[in-house]
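Descriptive analysis of the structure
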Amino acid sequence: MSELHELSALDLGSVIASGETSPVDVVDHFLRRAAEADTVGAFTTIADTHARESARRAERTLRDRSDEPLPALFGVPIGIKDLEETRGIRTTLGSRVFQDWIPDADGEIVTILRAGGLIDIGKTTVPEFGAACYTEPDIAPPARSPFDLACGAAGSSGGAAASVGARLLPFAQGSDTAGSLRSPASVCGVIGLKPSRGLITTGPDRGDNMGLSARGPLARTVRDTAALLDVLASRPGANTVHPPAPSAGSYRAACDGPLPRLRIAVAHGSISGGPVAAESAEAITRTGLLLESLGHTVVRRDQAEDPLFTESFTLAFASLAGGLLLPPGAEPLLRPIVRHLRAIATRTTAAELAAALGTLQARARAWTLDHADVDIVITPTITRPTQTLGELRDDADPAGELAAMTAFTGNTVLANATGFPALSLPVEWSARGMPIGVMFTAGWGRDDILLRLAAEVEEAAPWAERYPNV
């Protein structure tokens, strides 16, 4: 058998269920990996005591179970993004303000993951409050791309993506407000899916009340991505609006279902106006040719810059930082970019924010109508393949840093505004072997067709052998 960390999450679930290995052995293996091979800054906290207790409980369940089938991912390890509360386990939010906080209750998404049979072994590293597209917090080592340790893992799910790309975990939970799942997925060579708005609960513990944020999976295979999505979407909760269920019965099953020939737009450019690197532009062109060879109809069009959209989204994003409830005296402890975002929020009136949200939705609707004639839109996930550590961070000029981050993330914010599902796929690679994420966006509620197409692309242009031995 392959090394445990080389197996997919679904394969791990199979060998656990068959008795070829045990939850305790699997958890011990991944805890050793997390302790000894985390050169990528994946974890802020390793929850070894909790993980081993959970593994022993899982082993007892396997021993004492009746004929009732267990979840497909029973006993499989996962990472929890360090923005999610975990009872009795340190939850830092990436901030000096909360670096010693130990919550007394689990967040809703943590409860859902554990009910699905998954065993969380640690908290993955985040920038402070998830408010940056790089993961370089003051309280933990920076998250790095497993393909080049001089490059950052992007953000804000940087630790989660790095843990999966380095095979420290088979998959991880992340969240996405402005590309926070997809940008790290791109630079770490993994899959990052922001699901349709409302498919997965966003609260009451982590709701943004604007519909921009979504939780979702990071994985190395499309079927693992879909299987984790099935778990995440298994319980309705606050702010869920229940997109149509996949006709196949589950997102995992949808990956093997029929796929009609699709009409696909390859859109060059960036809504933020950030210049797109030549390699990133070439990547989506080659992906379009691949899809044509698979029988789909592919059309080329330009993605125009939209300053109104970008300015409105920036105000909405800043208001999330401005709405953070902090203990007295915490403000000086915050990172400059967070203080800058809070300052923007403070000087924005309620009327100005309402106008910005209205403009944002109007521009998002315009984008939707521009692409109403296609099933899928393809763009570069981010505007260039990599970011070196420290490149985007500018404590002396946070306004300049915000502009640089906006240019870097490019088109990711579109799916946050429209609520559409969008997925970054590691289907292309730079001349020096760095992953280049290609972003696929489908219409609202069509997460199933998005995953089915991704599975077809994975079969035609597999990437499984590219992961480095970390």
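Figured I'd write up the structure that's included with this text.

The rules behind each value
Residues numbered from 1 in each chain as written. Predicted model: local features only at pLDDT ≥ 70, side-chain atom pairs only at ≥ 80, totals over all residues. Heavy atoms only, no water. Helix = DSSP H or I, 4+ residues; strand = E, 2+ residues; numbered from the N terminus. Rg over C-alpha atoms; globule rule 2.2 N^0.38 Å. Buried < 20%, exposed > 50% of the residue type's maximum accessible area, 1.4 Å probe, protein only. Areas by Shrake-Rupley, 256 points an atom, 1.4 Å probe, with all protein chains shown as cover. Lys, Arg positive; Asp, Glu negative; His and termini not counted. Charge placed at Lys NZ, Arg CZ, Asp CG, Glu CD. Expected span 1.5 Å × (residues − 1). Contact = heavy atoms within 4.5 Å. Arc of directions from axis to C-beta. Pairing = 2+ DSSP bridges. Right-handed = clockwise from strand over helix to strand, strands pointing away. Axes fitted to C-alpha atoms, helices over the stretch in contact; angles between N-to-C directions. Parallel < 35°, antiparallel > 145°, perpendicular 65-115°, else oblique. Nonpolar A, V, L, I, M, F, W, Y, C, P; charged D, E, K, R; others polar. Phe/Tyr/Trp six-rings, centres within 6.5 Å; stacked < 30°, edge-to-face > 60°. Lys NZ or Arg CZ within 6 Å of the ring centre and 35° of its normal. Salt bridge = Lys/Arg side-chain N within 4 Å of Asp/Glu carboxyl O.

Comments concerning the overall build of the protein
Broken down by element type, the protein carries 15 helices and 13 strands. Here the protein has a C-alpha radius of gyration of 21 Å; the compact-globule value for 470 residues is 23 Å, and the two agree. Considered along the principal axes of its C-alpha atoms, the protein spans approximately 60 × 60 × 45 Å. Counting across all 470 residues of the protein, residues that qualify as buried make up 60%. When the accessible area of the protein is evaluated, it comes to approximately 17,100 Å², of which 52% is carbon and sulfur surface. The centroid of the 42 positive side-chain charges in the protein is displaced by 1 Å from the centroid of its 56 negative side-chain charges.

Details of helix H2 (residues 23–36)
With 14 residues, H2 extends 20 Å from end C-alpha to end C-alpha; this agrees with the ideal 20 Å at 1.5 Å per step. Regarding H2, the residues found buried are Pro23, Val26, Val27, His29, Phe30, Leu31, Arg33 and Ala34. In this structure, the buried residues of H2 make contact with helix H1 (9–18), strand E1 (43–46), helix H3 (48–64), strand E2 (77–81) and strand E3 (119–124).

Quick notes on helix H9 (residues 278–293)
Turn by turn, an α-helix covers 3.6 residues, leaving residues three or four places apart pointing in a common direction. With 16 residues, H9 ought to run about 22 Å at 1.5 Å a step, and its terminal C-alpha atoms sit 23 Å apart, in line with that. By the burial criterion, the buried members of H9 are Ser280, Ala283, Ile284, Thr287, Gly288, Leu290 and Leu291. The buried residues of H9 all sit within an arc of 160° when viewed along its axis, so they share a single face. Turned more than 90 degrees away from the buried face of H9 sit Ala278, Leu289 and Ser293, all of them exposed. Contacts made by the buried residues of H9 are with strand E9 (263–268), strand E10 (297–302), strand E11 (376–380), strand E12 (422–429), strand E13 (435–442) and helix H15 (447–460). Gly295 sits one or two positions beyond H9 and adopts a positive phi of about 100°.

Here we look at the pairing of E10
Here E9 runs beside E10; their pairing, made up of six bridges, is parallel. Across the sheet, Ala267 pairs through a bridge with Arg301, a residue of E10. The β-α-β motif built from E9, the intervening H9 and the parallel element E10 has right-handed crossover chirality.

Some words on the packing of helix H10 (residues 307–322) against helix H11 (residues 336–347)
Between H10 and H11, the shortest axis-to-axis distance is 7 Å and the interhelical angle comes to 105°. Our classification of the angle between H10 and H11 gives roughly perpendicular. When H10 is examined against H11, the residues Leu315, Phe317, Ala318, Ser319, Ala321 and Gly322 are found in contact with a partner set consisting of Leu341, Arg342, Ile344 and Ala345. Tallied by class, residues from the contact of H10 with H11 come to seven nonpolar, two polar and one charged.

Observations regarding the packing of aromatic side chains
When we look at a pair of aromatic rings, we describe it by the centre distance and by the angle of the planes. For the structure on display, the rule yields six aromatic pairs. Here the basic side chain of Arg220 rests over the ring of Tyr467, its NZ or CZ set 5.9 Å away from the ring centre.

Focus: the pairing of E13
The element E13 is extensively covered by neighbouring structure, given that eight of its eight residues are classed as buried. Neither face of E13 is exposed, since Pro435, Gly437, Met439 and Thr441 on one face and Ile436, Val438, Phe440 and Ala442 on the opposite face are all buried. Relative to E13, E11 runs antiparallel, the two sharing five bridges. Among the inter-strand pairings, Thr379 is bridged to a residue of E13, identified as Met439. One ladder, built from six bridges, connects E12 with E13; its direction is antiparallel. Its bridge partner lying in E13, Ser424 is registered against Met439. A loop of five residues connects E12 with E13, the two strands running antiparallel in sequence, and Gly433 in this loop sits at a positive phi of about 85°.

A few points about the environment of Gly390
Mapped onto the elements, Gly390 comes out in the loop between E11 and helix H13 (398–409). Put simply, Gly390 and Ala214 are 176 residues apart on the chain and 27 Å apart in space, counted from C-alpha to C-alpha.

Thoughts on unusual backbone geometry
With an omega of 10°, the peptide bond between Gly155 and Ser156 qualifies as cis. Inspection of the secondary structure assignment puts Ser156 in the loop between strand E5 (148–152) and helix H5 (158–165). Despite not being glycine, Ala154 has its phi angle at roughly 60°, a positive value. Positionally, Ala154 belongs in the loop between E5 and H5.

Examining the side chain of Ser180
Among the structural elements, Ser180 can be located in the loop between strand E6 (171–176) and helix H6 (182–188). Discounting residues that sit within four places of it in the chain, Ser180 has contacts with Lys81, Gly155, Ser156, Ser157 and Ser175.

Let's talk about the side chain of Thr225
For Thr225, the position within the fold is in helix H7 (residues 222–232). The exposure class assigned to Thr225 is buried, which follows from its relative accessible area of 0%. Here Thr225 is in contact with Ile191, Leu193, Pro217, Ala219 and Leu451, once residues within four sequence places are set aside.

Description of the pattern of salt bridges
Across all of its chains, the model carries 23 salt bridges by this definition. Note that Arg114 and Asp120 form a salt bridge whose closest N and O atoms lie 2.9 Å from each other. Ionic pairing is found between Arg286 and Glu428, a salt bridge with its closest N-O pair at 2.8 Å. Linking Arg286 in helix H9 with Glu428 in strand E12, this pair joins segments that are 142 residues apart in sequence. Accessibility expressed as a relative area gives 12% for Glu428, which makes it buried. Here the salt bridges do not stand alone but share partners, grouping Asp138, Arg335, Arg393 and Asp395 into one network.

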